[in-house]
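Commentary on secondary and tertiary structure
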Amino acid sequence: MAKTSTKNDKLAPTVRAAAVMVALGTDEAAEVYKFLKEDEIERLSLEIAKLDHMEQENMQEIIDDFYGLCVTQKVLNEGGISYARDVLEKAFGAQAASNYLDRLSKSLRTRAFEFIRKTDAKNLFMMLQNEHPQTIALLLSYARADQASQIIAELPRNIQIDIIERIANLESVTPDVIAMVESVLEKRFANIISVDTTEIGGVSYIADIMNHTDRNTEKYIFDELGVNNPELSEEIRKLMFVFEDIINLDSLAIQRFIREVDSKDLAVALKAANEDVKATIMRNMSKRMQETIQGDIQYLHNVRMRDVEEAQQKIVGIIRQLEEAGEIVISKGGEDEIIA
């Protein structure tokens, strides 16, 4: 039976990968290396070298988790999402099955239209701007979240909300639909691969897109959704992390992201921040740094709101990168249980 990770969830993905490689042994690890890029080999080798000691219980938990993901990928390839869910629930239980499927859903999205993720967002926008909103929603569900956010920001205001709602309501797409889209766009796109039915889009993906969107577009979308579809608006907000959510981070997480933030960006971001956010960040600085930042803020004049929003978005981006690397934990919507 698969166990739910606790302490090991705090380990960076590269550390977990290093533990798996050690467990495989030198011969098998060497075979895995053949499929990695040079920079991946370098990062992984560094982590293996740094992996001094790990308790047997923790190592076993990582291996069990890795095995569960491998099984999930295999059954998905063989029978699609419904088959996989049935098999995984019988093997690991409903909670573990759902966890494995959620963790693989982003990689599943990239199996079709993978070339989109390698396309410049401006070129992608030029190709999509005159398509039907449903087609745009479908293709953006396979794009990277940062690409999708840029394209949505460029679309006319009256179309943005329609696209957001369509992506949020996407659950699965059959090979027939994919094939139809391929035939319509085959003159503009090449090497499109059809896939089995798989989960795409959805509210979680929209939240990821919104996390990459500039503050102006974000505000407009939520203002409109708040009127037209308040339930969806609230559901998306619960899954997002925005600048004001810094007050919900623990002290260690705040101190960690402060070390990564440029002091000039921090000063600009705090220039128009609300007092709760400003106080939360300030009390996690050294006295010397507080004085420096306060001095920088004092001498900032005629700062454009756009510059403040861009600085805040940079900080949010750093926080999200640290979360993805497993260095900090973000509690989203007040529902995540954090185990010390």
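The coordinates are above.
In this numbering scheme, every chain counts its residues from 1 along its sequence in written order. The predicted nature of this model means local features are confined to residues of pLDDT at least 70 and side-chain atom pairs, given and counted, to a pLDDT of 80 or more, with totals for whole chains, interfaces and linings taken over all residues. Neither water nor hydrogens contribute to the side-chain values; these are computed over all heavy atoms in the structure.

1. Let's talk about helix α15 (residues 263-271)
Note the threshold: Per-residue accessibility, obtained with a 1.4 Å probe over protein chains only, is compared with the maximum for each type, and a residue is labelled buried under 20%, exposed over 50%, and partly exposed between these values. Only DSSP runs of H or I with at least four residues qualify as helices, and only runs of E with at least two residues qualify as strands; both kinds are numbered from the N terminus onward. Whether two residues are in contact is decided by their heavy atoms, any of which lying within 4.5 Å being enough. The definition of a polar contact used here is a pair of N or O atoms within 3.5 Å, where within protein one atom must be able to donate a hydrogen and the other to accept one, and adjacent residues in sequence count solely through side-chain atom pairs.
Every buried residue belonging to α15 is among L266, A267, V268, A269 and L270, and all of these are buried. Lining the buried residues of α15 we find α16 (275-282), α17 (287-298) and α18 (305-324). Measuring from the backbone nitrogen of K264 back to the side-chain oxygen at the start of α15 gives 2.7 Å, which picks out D262 as the cap.

2. Some points on helix α8 (residues 145-154)
By the burial criterion, the buried members of α8 are A145, Q147, A148, S149, I151 and I152. Turning to α8, the residues buried within the fold contact α6 (121-128), α7 (133-140), α9 (157-169), α11 (203-212) and α12 (215-228).

3. Thoughts on the pattern of salt bridges
Note that side chains of opposite charge can pair when their charged atoms are close. Put simply, the rule reads: Every case where a carboxyl oxygen of Asp or Glu lies within 4 Å of a side-chain nitrogen of Lys or Arg is listed as a salt bridge.
Across all of its chains, the model carries nine salt bridges by this definition. Here K219 and D223 are joined by a salt bridge, their closest N and O atoms 2.9 Å apart. With K219 and D223 both in helix α12, this residue pair falls four residues apart, about one helical turn. The class of D223 is partly exposed, set by a relative accessible area of 40%. We note a salt bridge from R256 to E327, for which the minimum N-O separation is 2.8 Å. On the criterion of sequence distance, the pair formed by R256 in helix α14 (residues 251-260) and E327 in the segment after α18 is long-range, its members being 71 residues apart. Among the residues examined, E327 registers a relative accessible area of 43% and is labelled partly exposed.

4. Considerations on the nonpolar core
Let me state the cut-off plainly: Only buried Ala, Val, Leu, Ile, Met, Phe, Trp, Tyr and Cys residues count toward a nonpolar core, and they belong to the same one when joined by side-chain atoms within 4.5 Å.
L140 and I236 are the most contacted members of the largest nonpolar core, which has 34 residues in total. When residues of this core are traced back to their parent elements, those giving at least two are α6, α7, α8, α9, α11, α12 and α13 (230-239). The leading source of residues in this core is α11, at six residues. Counting residues in each nonpolar core, the second largest holds 30 residues, with I246, V268, I281 and I330 among its members.

5. Regarding the environment of Y299
Relative to the elements of secondary structure, Y299 occurs in the loop between α17 and α18. Counting along the chain gives 32 residues from Y299 to A267, while the straight-line C-alpha distance between them is 9.9 Å.

6. Some details on empty space enclosed by the protein
As a reminder, the rule being used: Grid spacing is 1 Å over the protein atoms alone, the probe is 1.4 Å, and a cavity is where that probe fits but cannot get out, while a pocket is an open set with protein on both sides within 12 Å along at least five of seven lines and lining residues have an atom within 4 Å of a point. Grid points are joined across faces, edges and corners, and a volume is the space filled by probe spheres set on the points. Here the term charged refers only to Asp, Glu, Lys and Arg, the term nonpolar to Ala, Val, Leu, Ile, Met, Phe, Trp, Tyr, Cys and Pro, and the term polar to all other amino acids, Gly among them.
Across all of its chains, the model carries two cavities of 30 Å³ or more by this definition. There is about 30 Å³ of room inside the second largest cavity. Forming the walls of the second largest cavity are M210, N211, R215, E218, M240, F241, V242, F243, Q313 and V316. Contributing elements (two or more residues each) for the lining of the second largest cavity: α11, α12 and α18. For the lining of the second largest cavity, a count of residues per class yields six nonpolar, two polar and two charged.

7. Description of the side chain of Q160
As for its placement among the helices and strands, Q160 is situated in helix α9. Those residues within four positions of Q160 in sequence are excluded, and the remaining contacts are I152, A153, L155, T217, Y220 and I221.

8. Brief notes about unusual backbone geometry
Despite not being glycine, N302 has its phi angle at roughly 55°, a positive value. Following the sequence through the fold, N302 ends up in the loop between α17 and α18.

So, to be careful, I would describe these as geometric facts and stop short of saying anything about function.
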